[in-house]
Amino acid sequence: MMTKPDLPGRAPRGEGVPTALDGLLVVDFTRVVAGPACTQTLADFGAEVIKIENPDGGDDTRAYEHAEIGGESAAYLSLNRNKRGIALDFNNPAALEVARALIAKADVVVENFSGGVMKKFGLDYASVAPTNPRLIYCSISAYGRKGDFALRPGFDPITQAESGFMSLNGFPDGEPVRTGPPIVDMATGMSACNAILLALIARDRLGRGQQVEVALIDTAVSMTGFYGMAYLINGNNPGRFGNSPNGSPTVGVYRASDGPLYMACANDRLYRRLVTDVLERPDLVTDPEFAHRKARTANKEKLRAIIASVFASDTLEHWMAKMKKANIPVGYLRTVEEGFNAPEVRDRHRLSKIAHPTAGSVPNIESPVHMNLTPTVDPVAAPLLGQHTRDVLSETLGYDDRRIAALAEAGAFGKPGNTG
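Keep in mind it's a predicted model, so treat the numbers as computed, not measured. (Residues numbered from 1 in each chain as written. Predicted model: local features only at pLDDT ≥ 70, side-chain atom pairs only at ≥ 80, totals over all residues. Heavy atoms only, no water.)

Asks: Sorry if this is basic, but what is going on with the environment of His66 here?
Replies: Tracing the sequence through the fold places His66 in the loop between β2 (48-53) and β3 (68-69). Filtering out sequence-adjacent residues up to four positions away, His66 remains in contact with Ala74 and Ala75. (Helix = DSSP H or I, 4+ residues; strand = E, 2+ residues; numbered from the N terminus. Contact = heavy atoms within 4.5 Å.)

Asks: Hey, could you run me through unusual backbone geometry in this one?
Replies: Here Val32, not a glycine, exhibits a phi torsion of approximately 75°, which is positive. Relative to the assigned elements, Val32 resides in the loop between β1 (25-29) and α1 (34-44). At Asn82, a residue that is not glycine, the phi angle is positive and equals roughly 65°. Classification of Asn82 as buried rests on a relative accessible area of 13%. (Buried < 20%, exposed > 50% of the residue type's maximum accessible area, 1.4 Å probe, protein only.)

Asks: How do you make sense of the sheet that holds strand β11 (residues 330-332) when you look at a structure like this?
Replies: Think of a sheet as strands paired side by side through backbone hydrogen bonds, with each pair either parallel or antiparallel. On the basis of which strands lie adjacent, the open sheet formed by three strands has the order β9-β10-β11 and antiparallel pairing. Whereas interior strands pair on both sides, the edge strands pair on one side only; in this sheet they are β9 (251-256) and β11. Strand-to-strand, the axes of this sheet are offset by a mean angle of 30°, without reference to chain direction. Pairing analysis gives six bridges linking β9 to strand β10 (residues 259-264), with the strands arranged antiparallel. (Pairing = 2+ DSSP bridges. Axes fitted to C-alpha atoms, helices over the stretch in contact; angles between N-to-C directions.)

Asks: Sorry if this is basic, but what is going on with helix α7 (residues 183-206) here?
Replies: When the terminal C-alpha atoms of α7 are compared, their 34 Å separation across 24 residues agrees well with the 34 Å that a helix rising 1.5 Å per residue should span. Backbone geometry just downstream of α7 places Gly207 in the positive-phi region, at approximately 85°. (Expected span 1.5 Å × (residues − 1).)

Put into structure tokens, the structure is as follows:
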């Protein structure tokens, strides 16, 4: 029987504590993962992020099937915290006028539509920059906004496959494996956030905004890291190595008599400490087959078998205690449930529950970024579709009730009820 974890309420931030991005207005045209991950970080640190969605279903992640609570999906809730949501039908001229009015007041626009969509509606950088020269306009795409592939749609696992990144994941005798979480999407969102913050710093110096761009394929290529660099240096195509990079026998998963552990002894100093202080096999240092890193790699299967037999002779806690005492990098191989309930996570207050208008409360995973002077804002759950339409038009654009009603009558917000 499955039981949901018991989550604490979140302690509020100190009264009057400043935020890093107070006063920054971000108009967010993004959906799915990379774009919302970027704008959520901006919102977490005090930016006013207005998320604009299609009235017909909204962000695609609203329909994702991992789990749902209060009518909202886990995916959507995890990527849209601290935003205000409005619904606009771009096929309606009145709605486009609202979008342009918001962009004219914005510091930042972020979009990740397929190529040509923003231009079609007159919302691309070239169309809106003349009325807002200080605007930072961030475009996120699969293959960039220029060139032969600009109009080609793409997704995280496709760019993992096409960049070579996926070819590095998995075991040598198996097929390439994509990462479980959409790591290229998430890393692209981080890069987009960095690009926006860099452009804001440049704006303070230069007095004007600019267009910035990030692409999934660029991120995936960069994430091949030193394996990609090694190929460029020696021409050797790197392959898959499972849990032991470069075939290192002292990095990877081992099993004690009652459970698995992950160990990372990646240099001679740690190796000597492992075999003498933990395994009590000093012969594995003096034996020429294992005395140096290259020799150990050449004889990795033999050495792995020896180490595995020693680990199998006693319990997980026995080995964990010895390895921690010897300061060997080691960890439990946990499931998500075990990881989320582990002291390393709970003691850092990574998980909480926050209020939600239809679910009562929803789980919250804290931002991984810590700032002493300007911490994250108190988290507010991701908005319902169109939840803040009336508030945004009134407070941000100064529209009165009559004008909002006229827009609703004209169909700018889609079906009735999307005005919050």
